[in-house]
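Working through the structure, step by step
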Amino acid sequence: MKYEDLSNKIIQGVGGKENVNSVVHCTTRLRFKLKDEGKTKTELLKATDGVITVVQSGGQYQVVIGNHVADVYDDLIKVGGFQDGGSVPDDYGEKSNMSLLDRFIDLVSGIFTPILGPLCAAGMIKGFTAMFVAFGWITSTSGSYLILHAIGDAFFYFFPVILGYTSANKFKVDKFVGMAIGAVLCYPDIVAINSSKTILYTLFKGTFFASDIHTTFFGIPVVMMDYTSSVIPIILAIWFASHIEKWAKKIIPDVVKTFLVPFVTLIITLPVTFIVIGPIATWLSTAVSDITVAIYNFSPIFAGVLMGALWQVFVMFGLHWGFVAVMLTNLASKGFDPIVVLSFAASFAQTGVVLAMTLQTKNKKTRSIGIPAVISGIFGVTEPAIYGLSLPRKRPFILSCIAAAVGGGLLGFFGTKTYIYGGLGIFAFPSYINSKTGIDMAFYGSIIAAIVAVILGFVLQIIFGKNYVDIEPETVATTAATISQTDSMATESDTEIIFNKATTLASPLSGKLIQLAEIDDKVFASGAMGKGIAIEPTEGMIYAPAAGEVVLAFPTGHAVGLKTVDGAELLMHIGMDTVNLEGEGFKMLVKQGEQVDLGTPLVKFDIESIKAAGYSVITPLVVTNSKNYHEVRIISNKSEITKSEALLELL
């Protein structure tokens, strides 16, 4: 198995096999549902080669892998021996520890994630078909059009059947019962009733809810709606069916449950759906659609700027699923959506920034991540770019949000709308063709917005982000792993330890000595980064504790890494969370790759200004390759020490 070793480390990082309730995967992430997230080793997972980052959102513990997540997942379920091939159903009932928002995200993502692939594929086919007609390559009356349109449109026309299956899986209903409920909503004779010219009377006449009654069910008026391509009615119907099925299982004898439980579920659920659930859900869908469109109409440009700037943040926390639900509702009720399309430029903005970073970097590892991230970004998958490059360095991510905001504003200005749920990235363009008006300025606006976003992202990174390319991600554990170039999750049984020769380190600062275990930062205090000592400085200058090479020189000046001539790998981190000062109060005096002697000044910093900003100046000196020594011993027995005085003995 290609990813056996990585799978073992991931399982260890999530707290072991016994801590896993279920695991599935989406485009780039392994999505775990864990019994106790307190047992996880998040920082160690983030520092693992093959893991881009870890996200905790929507009740899920998400390990971001990248585009090859499916291959990792296949090996993971074999290594872990998870039941049902790893596709353990989501436990919808156990939500006591989740907020209402988390439950909503979990619900929507659980229903739509399994069908995203074919959903996008069908949308792309439908979009390309519309594009072929607009370009005059085929006619709308030809057999070619009929077949292509059917391939693309059938998935959406029978959407209730598809959602009936995934919703049933989510709500723990018999999946074929769920599909049957969806099929009845799309049944030709039922669909025909809605367009019937026979009107018995009008219900709620003169109100927003006014509805023509075409038929009744045992004398009860049925407010018939068009449920093809709809979203909310089938989801609510399956939710109702889950309660009916549960009740039926309790009262029906085991000997006849096989057929009587589905019988009772269908015979109760569907009439209630047609009489009550369907109309209310449709009115609700229409209201949601009208509200979102009204907000958009108030100022399309402002809406575009806001959506473009925040979309990547929404995606990071899974909040975009709420907008996806609104988009599908708009498509079903109005035939177009003006909201989610405003986020279209975000992937191109991110791609432009990462392309610039890839050209700017001198680090082979960064370039190896950047090239595939650019390629996947062109096709709309930006998580490798976000988590692997821009977000850990902060400023490039902010620059991408600025470029995305400009692109979103242009989309609002041109009035670009999406008419189908299609592909991502460059494959999304056909989704913006109006089948009635063909290719218009709104469509060209999407191309202009994408080009502007990618160019602006590139230029902003070139001008304002250059100094943030070759700094390491601001996760301390990742920094330590990079300096030591060791696997932080490996154990002595996994690899043979080669011990370095003994050496002595001088104090890099003058100040008060503090044990690592006593400082506030839990990563340093736990020893996860390595053994060492901390100093509360009385002088704003840090010096080289031994001769060696500068392997890390953060532009922000808050940290510096050194590899001594004897092989000791050191990290000196000035203060806690001082990276947030973005260089204010710090001056880096050396460059990465520079050779230094014992006592060479490395960083000058202003103690008072750092404290005034609310940050501690306690500075850990950590031997990040501590496992290559039998012992890291503190030589000095004094409470205070002077720079260049003997401090640590590495044996």
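Cut-offs and rules
- Residues numbered from 1 in each chain as written.
- Predicted model: local features only at pLDDT ≥ 70, side-chain atom pairs only at ≥ 80, totals over all residues.
- Heavy atoms only, no water.
- Helix = DSSP H or I, 4+ residues; strand = E, 2+ residues; numbered from the N terminus.
- Buried < 20%, exposed > 50% of the residue type's maximum accessible area, 1.4 Å probe, protein only.
- Contact = heavy atoms within 4.5 Å.
- Areas by Shrake-Rupley, 256 points an atom, 1.4 Å probe, with all protein chains shown as cover.
- Lys, Arg positive; Asp, Glu negative; His and termini not counted.
- Charge placed at Lys NZ, Arg CZ, Asp CG, Glu CD.
- Expected span 1.5 Å × (residues − 1).
- pLDDT = per-residue confidence, 0-100.
- Pairing = 2+ DSSP bridges.
- Axes fitted to C-alpha atoms, helices over the stretch in contact; angles between N-to-C directions.

Details of the overall build of the protein
Along the backbone of the protein there are 21 helices and 22 strands. Seen through its C-alpha atoms, the protein measures out along the principal axes to roughly 95 × 65 × 45 Å. A burial count over the protein gives 52% of its 651 residues as buried. Contacts in the protein between residues at least 24 apart in sequence constitute 72% of all its contacts with a sequence separation of at least 6. Surface accessibility of the protein: about 29000 Å² in total, with carbon and sulfur atoms responsible for 61%. Here the protein carries 47 positive and 53 negative side-chain charges, and the mean point of each set is 4 Å from the other.

Here's the deal with helix α5 (residues 116-134)
Across its 19 residues, α5 extends 26 Å between first and last C-alpha, which sits within 8% of the 27 Å expected from 1.5 Å per residue. Among the residues of α5, L119, C120, A122, G123, K126, G127, T129, A130 and M131 are the ones counted as buried. Among the structural elements, α6 (143-157) and α7 (159-171) are those in contact with the buried residues of α5.

Examining the confidence of the model for the protein
With 90% of its residues at a pLDDT of 70 or more, the protein has an overall mean of 83. Confidence over residues 85-96 falls short of pLDDT 50; this stretch has 32 contacts with residues more than four positions distant or in other chains. Every residue in residues 473-495 scores below 50 in pLDDT, and together they form 50 contacts with partners more than four places removed in sequence or on other chains.

Some remarks on the sheet that holds strand β18 (residues 601-605)
Taken in spatial order, the three strands line up as β12-β18-β16 in an open sheet, and their pairing is antiparallel. Since the sheet does not close on itself, it has two edges, and those belong to β12 (541-543) and β16 (586-588), each with one partner. Within this sheet the neighbouring strands show an average axis-to-axis angle of 20 degrees, counted without direction. In terms of strand pairing, β12 meets β18 through three bridges, oriented antiparallel. Looking at β18, one finds that Y543 is bridged to P601.

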